[in-house]
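# Geometric and topological summary
Listed below, chain by chain, are the residues.
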Amino acid sequence: MADIAAPALNVTPPAPAPMSAAELAKRGQIAKTAKDFEGSFLTVMLGQMMKDVKVSEPFGGGQGEEMFKSFMNEAMAKQVVKTGGVGIADVVAKEMLKLQGLS
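To start, this report covers the structure provided alongside it. (Residues numbered from 1 in each chain as written. Predicted model: local features only at pLDDT ≥ 70, side-chain atom pairs only at ≥ 80, totals over all residues. Heavy atoms only, no water.)

### With respect to the side chain of Lys69
- Inspection of the secondary structure assignment puts Lys69 in helix α2 (residues 62–82).
- Look at Lys69 and you get buried, because its relative accessible area is 12%. (Helix = DSSP H or I, 4+ residues; strand = E, 2+ residues; numbered from the N terminus. Buried < 20%, exposed > 50% of the residue type's maximum accessible area, 1.4 Å probe, protein only.)

### A short note on the packing of helix α1 (residues 21–50) against α2
- Running from amino to carboxyl end, α1 crosses α2 at an angle of 135°, the nearest separation of the two axes being 8 Å. Put simply, α1 runs oblique to α2. Helix-helix and strand crossings are classified by hand; for α1 and α2 the assignment is right-handed. Across the interface between the two elements, Lys35, Glu38, Gly39, Leu42, Thr43, Leu46, Gly47 and Met50 from α1 touch Lys69, Met72, Asn73, Glu74, Met76, Ala77, Val80 and Val81 from α2.
- Split into classes, the residues belonging to the contact of α1 with α2 amount to 8 nonpolar, 4 polar and 4 charged. (Axes fitted to C-alpha atoms, helices over the stretch in contact; angles between N-to-C directions. Parallel < 35°, antiparallel > 145°, perpendicular 65-115°, else oblique. Left-handed = near helix turned anticlockwise from the far one by under 90°. Contact = heavy atoms within 4.5 Å. Nonpolar A, V, L, I, M, F, W, Y, C, P; charged D, E, K, R; others polar.)

### Some points on the nonpolar core
- Counting 6 residues, the largest nonpolar core consists of Ile30, Ala34, Ala89, Ala93, Leu97 and Leu102.
- Elements represented by at least two residues in this core include exactly α1 and α3 (88–99).
- Examining the composition of this core, we find that 3 residues originate from one element, α3, more than from any other.
- Setting aside anything within four residues of it in sequence, one finds Ala89 in contact with Ala34, Lys35 and Glu38. (Core = buried A, V, L, I, M, F, W, Y, C linked by side-chain atoms within 4.5 Å.)

### Describing a nonpolar patch on the surface
- Together, Phe37, Phe41, Val44 and Met45 make up a nonpolar patch on the protein surface, roughly 360 Å² of accessible area in all.
- Looking at the secondary structure, you find Val44 in helix α1. (Patch = residues over 30% accessible without salt bridge, like charges linked within 9 Å, V, L, I, M, F, W, Y side chains within 5 Å. Areas by Shrake-Rupley, 256 points an atom, 1.4 Å probe, with all protein chains shown as cover. Salt bridge = Lys/Arg side-chain N within 4 Å of Asp/Glu carboxyl O.)

### A short note on α2
- Helix length check: α2 (21 residues) gives 31 Å between terminal C-alpha atoms against 30 Å at 1.5 Å per residue, within 8%.
- At Phe68, α2 shows its largest bend, some 40°.
- Elements that come into contact with the buried residues of α2 comprise α1.
- The first or second residue beyond α2 is Gly84, which carries a positive phi of 125°. (Expected span 1.5 Å × (residues − 1). Bend = angle between axes of the 7 residues up to and from the residue.)

### Looking at the side chain of Glu38
- Within the secondary structure, Glu38 is located in helix α1.
- In this structure Glu38 touches Val81, Gly85, Val86, Gly87, Ile88 and Ala89, once residues within four positions along its chain are discounted.

### Focus: the packing of aromatic side chains
- What the rule picks out here adds up to 1 aromatic pair.
- Judged by centre distance (5.8 Å) and plane angle (40°), the ring pair of Phe68 and Phe71 falls under tilted. Of this pair, Phe68 and Phe71 both sit in helix α2, 3 residues apart, which is roughly one turn of the helix. (Phe/Tyr/Trp six-rings, centres within 6.5 Å; stacked < 30°, edge-to-face > 60°.)

### Focus on the environment of Lys69
- In sequence terms Lys69 and Met50 are 19 residues apart; their C-alpha atoms lie 8.6 Å from each other.
- Excluding its chain neighbours within four sequence positions, the residues that come into contact with Lys69 are Met50, Lys51 and Val53.
- At a separation of 3.4 Å, a polar atom in the side chain of Lys69 contacts the main-chain carbonyl oxygen of Met50. (Polar contact = N/O pair within 3.5 Å; in protein donor to acceptor, adjacent residues only side chain to side chain.)

Interpretation in functional terms is not warranted from these geometric data alone.
See below:
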C-alpha cells in the first residue's frame, strides 16, 4: 500500500485590516480611562490600608500628615499603575472594548 501525502493547506489567518485613526484614538482613550480607573481604585484601597497607620514624632503625626496622606496614597497608586499595575486596567479595558464592539 502506498502512502498518500495530504495536500498542503494554507492555515495562516488573514492579516487584520488596518485600524482607522478614529479607532486608534478610541482605543487610546479606553486604555487611558482604564488606567485612570485602576489608579482611583488603588488610591481608595491604599487609603483604607493606611488609615490606621500612625507614624511617631518627629517624622509624622499632626494635622499636616492627615492633610497630605491622601496625596501620598494617590502618588503611590499612580506609580503602581505606571509600572504595570495590578491587572485591573487590562480587564476594564477589555470589557470597554467589548462594549464598543471592538476586540
